[in-house]
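What follows is each chain in one-letter form.
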Amino acid sequence: MLQGQPRIREGGGDVTFVNRFTTHAPDDEFERAFAEVCEFMARQVGFLGNTLLKHAKDEHSYINIARWRDAECFHKALGHPEFEPHVARLRTLSSSEPNLYLPRLDVSVHRGEQE
């Protein structure tokens, strides 16, 4: 059962970075390189977490969803001198379509213990 109403949010605050990857390397090699990027990002101010998803049918398609406290922290992390080698490695293994998104609508589902 959905509890409460969806909440429309005005700008400001947290941001979500979504990056679609198309790989041209073995999965394990891409995923290892991506894990190194995650380790770097986890040490950056404002990083809230991320999830790497692999397409259920297209074996060459991944999506990364990363959450940041704000756009300033996100851009500061991208400008860090230690970031470039990580992104360069990913470019040898994949192509990507990166985009930054602002929250607009929140919907939370609260489930009871018995459904």
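Scroll up to find the structure this text is about.
Right, let's walk through the structure included here. Values in this document were obtained by computation on a predicted structure and should not be read as measured data. (Residues numbered from 1 in each chain as written. Predicted model: local features only at pLDDT ≥ 70, side-chain atom pairs only at ≥ 80, totals over all residues. Heavy atoms only, no water.)

1. Section: the overall build of the protein chain
Part 1 of the argument: Helix and strand counts for the protein chain come out as 3 helices and 6 strands.
Part 2 of the argument: The linear arrangement of helices and strands in the protein chain, starting from the amino end, is β-β-α-β-β-α-α-β-β.
Part 3 of the argument: Nonlocal contacts in the protein chain, meaning residues at least 24 apart in sequence, comprise 75% of its contacts between residues at least 6 apart.
Part 4 of the argument: Accessible surface for the protein chain amounts to roughly 7900 Å². Of this, 52% is attributable to carbon and sulfur atoms. (Helix = DSSP H or I, 4+ residues; strand = E, 2+ residues; numbered from the N terminus. Contact = heavy atoms within 4.5 Å. Areas by Shrake-Rupley, 256 points an atom, 1.4 Å probe, with all protein chains shown as cover.)

2. A word on the packing of aromatic side chains
Given two aromatic rings, their pairing is described by the distance between the two centres and the angle made by the two planes.
Part 1 of the argument: One pass over the full model with this rule turns up 8 aromatic pairs.
Part 2 of the argument: Ring centres of F47 and W68 lie 5.1 Å apart, and the angle between their planes is 75°; this geometry places the pair in the edge-to-face category. Separated by 21 residues along the polypeptide, F47 in strand β3 (residues 47-54) and W68 in strand β4 (residues 61-68) bring together distant segments of the chain. Like F47, the residue W68 is buried in the burial classification.
Part 3 of the argument: Aromatic rings pair up to connect F17, F47, W68 and F74 into one cluster. (Phe/Tyr/Trp six-rings, centres within 6.5 Å; stacked < 30°, edge-to-face > 60°. Buried < 20%, exposed > 50% of the residue type's maximum accessible area, 1.4 Å probe, protein only.)

3. Some details on the pattern of salt bridges
Part 1 of the argument: All chains considered together, the criterion is met by 6 salt bridges.
Part 2 of the argument: One salt bridge in this structure joins D28 and R32, with 3.6 Å as the shortest N-O distance. In this pair, D28 and R32 both sit in helix α1 (residues 27-42), 4 residues apart, roughly one turn of the helix.
Part 3 of the argument: Its salt-bridge partner being D70, residue R69 comes within 3.8 Å of it at the nearest N-O pair.
Part 4 of the argument: Its relative accessible area of 43% is what places R69 among the partly exposed residues. (Salt bridge = Lys/Arg side-chain N within 4 Å of Asp/Glu carboxyl O.)

4. Examining a nonpolar patch on the surface
Part 1 of the argument: Together, L105, V107 and V109 make up a nonpolar patch on the protein surface, roughly 270 Å² of accessible area in all.
Part 2 of the argument: The topology assignment puts V109 in the segment after β6 (105-106).
Part 3 of the argument: Here V109 falls in the partly exposed class, since its relative accessible area comes to 45%. (Patch = residues over 30% accessible without salt bridge, like charges linked within 9 Å, V, L, I, M, F, W, Y side chains within 5 Å.)

5. As for the pairing of strand β2 (residues 15-23)
Part 1 of the argument: Alternating positions in β2 separate cleanly, V15, F17, N19, F21 and T23 being buried on one face and T16, V18, R20 and T22 remaining unburied on the opposite face.
Part 2 of the argument: Pairing analysis gives 8 bridges linking β2 to β4, with the strands arranged antiparallel. By the bridge assignment for β4, N19 is matched with N64.
Part 3 of the argument: Here 8 bridges tie β2 to strand β5 (residues 94-101), and the two strands are oriented antiparallel to one another. Residue pairing across strands places F17 opposite L100, the latter belonging to β5. (Pairing = 2+ DSSP bridges.)

6. Some remarks on the sheet that holds β4
Part 1 of the argument: Strand order in the open sheet formed by 4 strands is β3-β4-β2-β5, with antiparallel pairing between adjacent strands. The open sheet is flanked by β3 and β5, the only strands paired with a single partner. Each neighbouring strand pair of the sheet contributes to a mean axis angle of 15°, computed without reference to strand direction.
Part 2 of the argument: On top of the sheet, helix α3 (residues 83-93) reaches β2 and β5; it is set at about 125° to β5, its chief contact. (Axes fitted to C-alpha atoms, helices over the stretch in contact; angles between N-to-C directions.)

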